[in-house]
Every structure is written in C-alpha cells, then in structure tokens.
Amino acid sequence: MNRGFPMSYFWGMCTPKRMFASRKLFGWGKLVFIFVFLTACLLIPVSLHFAKQDSFDLKSLMPNMMKQVDDTFVKEVTANYSLENGVLSGQPDVMKTDTTSGVAMVSLAGGALPNAKNMIALQKDKMELRDNSGYAFTVKYTDDANFADIQTSADMQSWISGQWYVQNKAFVFLTMSLMLGSVLFASSLMLALFAALFIWFTKRNSMSEIGSYKEALSLTLLSLGLPTIFATIIGTIYFDVTVMMAVQSLGMVLIIAFVFIKTRFRQTDKILELGGQAE
C-alpha cells in the first residue's frame, strides 16, 4: 500500500528498518518541510510557556537600571510618597539620588528628566526606565498598584518588573519566542546536517547502501522524529530548553545506532513496498 506524504514520513519513523527503507522517499522540498515541522514542534512548549507566564525578571533585561534601585531610594519613596488609583503623590515634588552609574528619582512636577543612560524616574502617573543596554520604556501605573508590600530594594525591583510586565506581555512573548526559536532552529539544523554528514561518510564502506547526502539527511530526519516529539511533550510538562535539546540530540544518536544495528545500513527486505513510493 502506497502512503502519501506526510503519512509516509510518520510511517517511516516508527521502526529502525522502516527508517532505513524510507530514506529514498523524500525530495529536497519534502525534507525542508519535515525539518520545519520538527522545529515547529519544539516551538510549541516555548509558546505555551511564555503565553501563560505572569511575571518577568526585568533585571535580566535592564540590569544597570535596576542597580539604581537601592535600599536608600526605597526608604525615601515609601516614607514620602503614596500610590493610589494609578497616581503618585507626596512631597517633595522632586527627589533624586545620583550615583556614578545612573539616577533614581521621583519627579511629580513633570519637568525635563536628566539625560542619564541608566535611570528610573517615578512620575505622577508613569515610570521612565532607561538602561545603557539600549532599552527604554515608559510604564503607566496600574490602577491597583501601591507600595504597601515594598520594604526592600528587592521588593521594589519585583514591583517594577510586575508593572512593566503588565504592559509588555506581547513584547516578552515575541522577543523570547524568537530568541529561543532561533536557538532551537540553529541547534536542530546543525544536529541534522552534521549527523547526515557522518552517515554519508559510511558510503565509503562497500557494505553501506547510503548512496547520497540526501539519503543520509532523510535518514537523519526520520531518526529525529520520535525524539523531537518526545522532547516536545517533556517541554510542555516541564519547560527547559537545554533538557529539550538534550533529549532530541541523545534520542537521535540512539535511534541512528539502532538503525545501524538492525540494518547495517543495508536493505535486507522489501519493507519499502509497504511504506510508500520512492521519488
């Protein structure tokens, strides 16, 4: 029975003998599609993780700005100012703490802010955040924001992160998904290309029936199928990119080893006739 694509891929990735027998079924276009599909599977846990995330460590994005939020600044703010219904009030109108690395201040008068590379400025209805890494944000206070639970610099930094995250969920989702997606794409690509190259070199052995680099890459992508699906399931349950990459790469190596043990990279039966039609 002939199976059309992509069912021929799913059929072929189930056992070592099928993997080897199916190595001639896919053209370059289908191989690209298979690789994109496998990469997309790995992106599912990434998207789910950041979609349900309710906080973000802004310190990792703006470390030098956060350094300006010390215990002295926190004591001045919590002792002299209050935040209710999204409006900051108190005296004096301007309170500023300068350090060699930046500025932390309160500015209720609405005047011009210092041209500091690292700065946090609490204004009447918003915060201005700047970091010399190049990031700059204007964050409006939420209506339920207050200073009631802020006692230390760590508390204030966590509060700033929370206020920032409320308005920048989309930014975090897109940025982190693109960044981790790029890492997973590059890792999977290098893994597939180099594993295929190693398999291709076996054609120098007269016993191997690997006839071309395309066949070697097909076998590699077939071997990546089950480990990638397994890595996706693990990543959905417990999100850790390094664990996902380790499961995928180790699983692929083990499956290629099983394929070699079962077939010695030689066609020993007519299993291909059951799986699909060679191109």
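Each residue is numbered by its place in its chain's sequence as written, counting from 1. Totals for whole chains, interfaces and linings use every residue, but because this is a predicted model, local features are given only for residues with pLDDT of at least 70 and side-chain atom pairs only at 80 or more, for both listing and counting. Side-chain metrics rest on all non-hydrogen atoms present in the structure, leaving aside hydrogens and water.

The name given to the protein in an unreviewed UniProt entry is Maltodextrose utilization protein MalA, with the source organism recorded as Listeria weihenstephanensis.

A. Here's a closer look at the pairing of strand S7 (residues 136–140). Summary of the burial criterion: residues with accessible area below 20% of their type's maximum are buried, those above 50% are exposed, and those between are partly exposed, where the area comes from a 1.4 Å probe applied to protein chains only. The helix and strand labels rest on DSSP assignments: H or I over at least four residues marks a helix, E over at least two residues marks a strand, and numbering proceeds from the N terminus. Of the two faces of S7, only the one carrying Phe137 and Val139 is buried; Ala136, Thr138 and Lys140 on the other face are not. Here the rule is simple: two strands pair whenever DSSP picks up at least two bridges between them. Inspection of the sheet shows strand S6 (residues 126–130) paired to S7 by 5 bridges, in the antiparallel sense. Considered in S7, the bridge of Glu128 is made with Thr138. Taking the residues that link successive antiparallel strands as the turn, the S6-S7 hairpin has 5 residues, and the phi of Gly134 there is positive, at about 110°.

B. Region of interest: a nonpolar patch on the surface. A contiguous nonpolar surface patch, about 560 Å² in accessible area, is contributed by Leu226, Ile229, Ile233, Ile237, Tyr238 and Val243. Mapping Val243 onto the fold places it in helix H9 (residues 241–263). Relative accessible area serves as the criterion here: at 30%, Val243 is assigned to the partly exposed category. Put simply, a patch holds well-exposed residues, over 30% relative accessible area, that have no salt bridge, with like charges counted together within 9 Å and Val, Leu, Ile, Met, Phe, Trp or Tyr side chains within 5 Å. Calculation of accessible area relied on Shrake-Rupley with a 1.4 Å probe; when residues are assessed, cover is drawn exclusively from the protein chains displayed. Salt bridges, as used here, are contacts in which a Lys or Arg side-chain nitrogen is within 4 Å of a carboxyl oxygen on Asp or Glu.

C. Layout of helix H8 (residues 213–237). For H8, which comprises 25 residues, the first-to-last C-alpha distance of 36 Å matches the rise-based estimate of 36 Å (1.5 Å per residue) to within 8%. A residue's bend is the angle separating two fitted axes: one through the seven residues that end there, the other through the seven that start there. When the local axis directions of H8 are compared, the greatest deviation, roughly 35°, occurs at Gly225, which is followed within four positions by the proline Pro227. Expected helix span is computed as 1.5 Å times (number of residues minus one).

D. Broad picture of the environment of Met62. Within the fold, Met62 resides in the loop between helix H3 (28–51) and helix H4 (63–66). On the basis of relative accessible area, Met62 is assigned to the buried category, the value being 0%. Once the C-alpha coordinates of Met62 and Leu108 are considered, the two residues, 46 residues apart in sequence, prove to be 24 Å apart.

E. Molecular detail of the domain arrangement of the protein. Parsing the protein into structural domains produces domain 1 (6–52 + 173–273) and domain 2 (58–168). Computed over C-alpha atoms only, the centres of domain 1 and domain 2 are separated by 48 Å. How far each domain reaches was decided by an automatic or database domain assignment.

F. Focus on the side chain of Thr232. Mapping Thr232 onto the fold places it in helix H8. For Thr232, a relative accessible area of 10% translates into the label buried.

G. The UniProt feature "transmembrane region" (unreviewed entry) in the protein, seen in detail. UniProt positions are given in the numbering used here, feature names are shortened, and annotations may be inferred rather than shown by experiment. Residues annotated in UniProt with the feature "transmembrane region" (unreviewed entry) correspond here to residues 171–201, 221–239 and 245–261. Helix makes up 89% of residues 221–239 and strand 0%, with an end-to-end C-alpha separation of 24 Å. Helix makes up 100% of residues 245–261 and strand 0%. Its end C-alpha atoms lie 24 Å apart.

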